[in-house]
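# Survey of secondary and tertiary structure
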Amino acid sequence: MPKPTILLALDPHSAAFCAAIKRQLQTSSTIQSSLIQTYTLNWDGQAFSFSPELNQFADTSFNLAQTHNKTSASQILTSFTQAAGKLQNQVINLLKSVNQSPEVIAAKRQGLEISSGHQIYLMLSASNQLARGVVFELVRLIRWLFSTHSPDIPYSLEALLLLPELFAEVTTADYSAAYALLKELDYKMNTGVVVAASQRATPFDNCWLIDGRIGELKDNLSSYADTLAGFLTVEAQTSGLLIGAQKVRGKIPAYSTFGYGELFFPKEIAMKRLSAALAADIMIKQFLPKVEFAPETNRKWLLDAKEFVLSEDFSDTFLELERDNGKPIWQDFNPRIDIRAGMSSEYGMELQRAYRQFENKELLSYKRALENSSKQVQTTLTTFLDNTINGYADASKSGLHEAVMLLNRLTYLYLELQSDEARDQSHNLITELRAAEAFLDSKLQVIIDGEKTKELLNEVLALKLQQQQLQDNFTQSSSEEQQQEIQTINEQLRTVITEYQKASNLEIAQANQIRALARTKAREQAEKAVVTSLSQLTATENQLEAAVDRKNELIAEEKHFRNQHLIIYPTLLGALLLGFVILIGIFSQSTLWLLLQKIGENLVTYLLWGTVAILTYLGLVWLKYSTTIRDRLLKLQKQIKRLESSLKANAVELRRSYNEQLKLEYDFYAQNLRVETLNYLIRTAKQRTETLRQTLDNFSQIYNNLVQEREQAKTNFSETRLTVLTDTDIDAYYQTFLASNSTEKFIQEKVSRSQSWKISAEDFKNQLIPFAQKQFDQLSNLSIGEVLKKSDLISANTATLRLNQLHDSANLLLRLQDIDTNLNPTSQRETNLWVAPKDKEQIFGHYSRLSRTLTALEAEDELRLCILTRSLGFPAYFLSQIEFYRDCYERAQSEQKESDELDNIPDLIPDEIGSNRELILAYSSLMLAIALNIISQSQGEYKVKGQLLGEDREQIALALATEFTFQELYEEIRESIEAFEHDLVYQNLQKLGNTLANDLTRNERKILDNLKKEYNPLN
């Protein structure tokens, strides 16, 4: 059952260690790991406080030389005791936070059963003065708070002691301080600490000891952190230690140690590494292969660019620019206005009105139609361009790069420089733009002088040919002169190309200026033509009117002539003849009758002559009419007809002039749209180029990120937390996978190259990553046991090796002596294995052969195998280096002249088994021999029977106890001492104490006091 746990660091090194453990716990997915809270005790020299900010107070150097505190443990204890009252509330809040943490609340909301008990670990460096000074008072405070405020809450208070071997630059003083702490701890574990007036309790329910079994903390922090994190996670599920049940040589077996090993399947890391590797390979193999530049590939791109602009799709699309639904947009200006005589002014005005109306209505509609057609053409050409890009992209794996190269050729400003010969007519969108700009040159009579650019182009092509010839003949053994010649040609070529580009730019600028002036001139000429036609129309009409007036005058004259010669003159003649006859009748009727008879008789003759006379008269009249009126009238009629025809022609010319003027504006507008369409297509091509480049850059960034992600997806493991699959194993599996699965599957099923540049990099990545992850979905449901059985992931030998490594990694973190185990049957090594139910039979079968005390427990996580090895309940003297610790302690104590309260505390090591016992006996014998003058001192040196022993009493005692050559002398000294009476020995010991009062070390004074007690006659 998950149990809320507090891990409290009591010194800066422990805080750093706890911070590392916390980081490891945060990566764990178990419920127990989320219920572990970490704090540190901070002391600034004045006040104590608890803080969850471990890094703020941590010392990650793990160097004891940097943390030697001048303040003693006793002074720190005094300060802590004084501050204990203020710390009570902080400790209460800290203990309350265990069950009130968001993690505990969230677990309970999920229906998980959480233990009501508390697990509290105090981690401290055994040699740290701060930890030593506060640990027992803090334990008393915690015990007291639980007994008074929460007596019904079960809890366990345990210590995690970090021994000096874990740290760097350890000194004798550090070992001495560690031994002193262990000595005091062992004493208090026996006697207990005062919790209340009538209540004592052991300081800790268990004391876990850790030394440098793996190595120093600084170099192996991750391994130790993995071990402690695993221990804290699984220890709550095991049974604890019952302290005081049995003693060994009078020493309480209150100490324990552990070893933890974990074998895990890094599913997330493996999936991430595999999917990142596959995604990166898809990118580099299907989207990012670069095309090698060569002359033949350049020629191919030039031909493809030429094919693009000369294709029927491109040409036919451009023809649709001046068509609307298949019909020409332009319709001539042809108003239904007829000119009539004398109405030329009205006709001109009507025609001008019709011109304005056409200009404001039909011409605008034509322009709108051109705009619509232009947009349709732009859309069609853009689609054609995109289809060409798509075709290039899908044609080969380097299609995206090739599409960029094609677009570069399509929009290159100086494409002619890419050709090898002048007769090669290169074509691209820029050349088409130049042709479109020159479309009206013949109509506008524009002539562009391109001789200079032609000369420079020919010079460039000649230099390129010369350069190619030199490079073809160039070898490694070519002379410096040839190399210099090639360099000279290259410099000349760069210079001429620069001059050509400047000349070409100048020519284009001049051509634009000339065309602008030509347009202005064409507009002026069109307006002038209209004015001229209108003037001619008016002049012709005036001439016609004058001719018509003259014609009317001639017609009036003709009428007068006819009246005069055909009416008036004959009438007068008839009247004269009639009057003559009447007069004759009046004056002579006979004469009248004679005349009438004669006429009657010659009537025919008279009629004939009368007719002849009349005809003659009429002839004379016609002759006069013809010569004086008729010829002039005919000429005027011809002139009038000619003027009428001229008038109609002038009217038609005026209408044509208006039409030409309107058509000129239409042509200019269409020309602008033609150029604008090409410019739009060029801009679109450049945008597509930039889009493709950005896409390739994005793809490169995605690829780099994937490679980095793959590199970062490493199976982080340590000596105690092992991975079943290493990076090498994962990579080997990936190579096997790649051999049977093509990267083309992605472009076939998900995103083709032609689609890739049209979507955002984020959308592309959202397609790529899930696809790559899906290819390895079969790994997501595997338990660690299934991984070990999966031959394509890991071989059988490697699987066995991993299981054996896990067993070895769970070795105890403390070196123990294999002594007195028969006296402590409860202190046995036990091994607990956490394994998923479905893997239990497989894994338990393997480990049962390696450990007889194996207990299998059900694991929460199917991806982990955990082994916890514990050695519970052994006395402190089981430590393998305990003798060294005590030696350092004794040496440190011997340098102190003042007594220490620890002197009255029993030693950690029983007297009957300690290697120090012989040294104490030898030292005691030496002090007795000096007191009894068996050993004499002369000039600072000690002698016995003339044999020189030395000046340093400690070294003499050590030699007596350990060196073979001194054993006979040592036995003689002991026999000599036994010959003296106890009273005499006691008196001489007192004299020696007085004589050497200022010269005795603290240890010698202690030995001397013990001897006095032994030889005191009153005892």
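Residues numbered from 1 in each chain as written. Predicted model: local features only at pLDDT ≥ 70, side-chain atom pairs only at ≥ 80, totals over all residues. Heavy atoms only, no water.

### A closer look at the overall build of the chain
- When its secondary structure is counted, the chain shows 32 helices and 18 strands.
- In summary, the chain has a C-alpha radius of gyration of 62 Å against a globular reference of 31 Å for 1019 residues, an excess of more than 25%.
- For the C-alpha atoms alone, the extent of the chain along its principal axes is close to 240 × 85 × 60 Å.
- Counting every position in the chain, which comprises 1019 residues, the buried fraction comes to 47%.
- On the chain, roughly 52,700 Å² of surface is accessible, and the fraction owed to carbon and sulfur atoms is 50%.
- The averaged location of the 130 negative side-chain charges in the chain is 11 Å from the averaged location of its 107 positive side-chain charges. (Helix = DSSP H or I, 4+ residues; strand = E, 2+ residues; numbered from the N terminus. Rg over C-alpha atoms; globule rule 2.2 N^0.38 Å. Buried < 20%, exposed > 50% of the residue type's maximum accessible area, 1.4 Å probe, protein only. Areas by Shrake-Rupley, 256 points an atom, 1.4 Å probe, with all protein chains shown as cover. Lys, Arg positive; Asp, Glu negative; His and termini not counted. Charge placed at Lys NZ, Arg CZ, Asp CG, Glu CD.)

### Examining the packing of helix H9 (residues 267-287) against helix H23 (residues 761-774)
- For the pair H9 and H23, interaxial distance at closest approach is 8 Å and the crossing angle is 125°. It follows from the interaxial angle that H9 and H23 lie oblique. Classified by chirality, the crossing of H23 by H9 is right-handed. Contact residues: H9 offers Met271, Ser275, Leu278, Ala279, Ile282, Met283 and Phe287, while H23 offers Phe764, Leu768, Ile769, Phe771, Ala772 and Gln773.
- Considered class by class, the residues forming the contact of H9 with H23 number 11 nonpolar, two polar and no charged. (Axes fitted to C-alpha atoms, helices over the stretch in contact; angles between N-to-C directions. Parallel < 35°, antiparallel > 145°, perpendicular 65-115°, else oblique. Left-handed = near helix turned anticlockwise from the far one by under 90°. Contact = heavy atoms within 4.5 Å. Nonpolar A, V, L, I, M, F, W, Y, C, P; charged D, E, K, R; others polar.)

### Quick look at the domain arrangement of the chain
- Partitioning the chain into domains gives domain 1 (5-256 + 874-895), domain 2 (544-651), domain 3 (812-869) and domain 4 (915-1015).
- Using only C-alpha atoms to locate each centre, domain 1 and domain 4 end up separated by 43 Å. (Domains from an automatic or database assignment.)

### Re the pattern of salt bridges
- Under the counting rule described, the total for this entry stands at 30 salt bridges.
- One salt bridge connects Arg562 with Glu558, and the closest N-O pair in it is separated by 2.6 Å. Of this pair, Arg562 and Glu558 are both found in helix H17 (residues 480-587), four residues apart, which corresponds to roughly one turn of the helix.
- Across the salt bridge formed by Arg953 and Asp999, the nearest N and O atoms sit 3.1 Å from each other. With Arg953 in helix H29 (residues 953-962) and Asp999 in the loop between helix H31 (982-995) and helix H32 (1002-1015), this pair connects stretches of sequence that are 46 residues apart.
- What makes Arg953 buried here is its relative accessible area of 7%.
- Taking the relative accessible area as the measure of exposure, Asp999 reaches 44% and is therefore partly exposed.
- One network of salt bridges, in which partners are shared, links Arg273, Arg710, Glu711 and Asp731. (Salt bridge = Lys/Arg side-chain N within 4 Å of Asp/Glu carboxyl O.)

### Notes on helix H25 (residues 796-809)
- Under the 1.5 Å per step criterion, the end-to-end length of H25 is 20 Å for 14 residues, consistent within 8% with the ideal 20 Å.
- Three or more residues of H25 are buried, namely Ala799, Arg802, Leu803, Leu806 and Ser809. Mapping the buried residues of H25 onto a view down its axis gives an arc of 125°, with all of them on the same face. When the buried face of H25 is taken as reference, the exposed residues oriented beyond 90 degrees from it are Ala796 and Asn797.
- Structurally, H25 contributes buried residues whose contacts are with strand E9 (255-264), strand E12 (721-723), helix H20 (727-740), helix H24 (784-789), helix H26 (840-847) and strand E15 (864-874). (Expected span 1.5 Å × (residues − 1). Arc of directions from axis to C-beta.)

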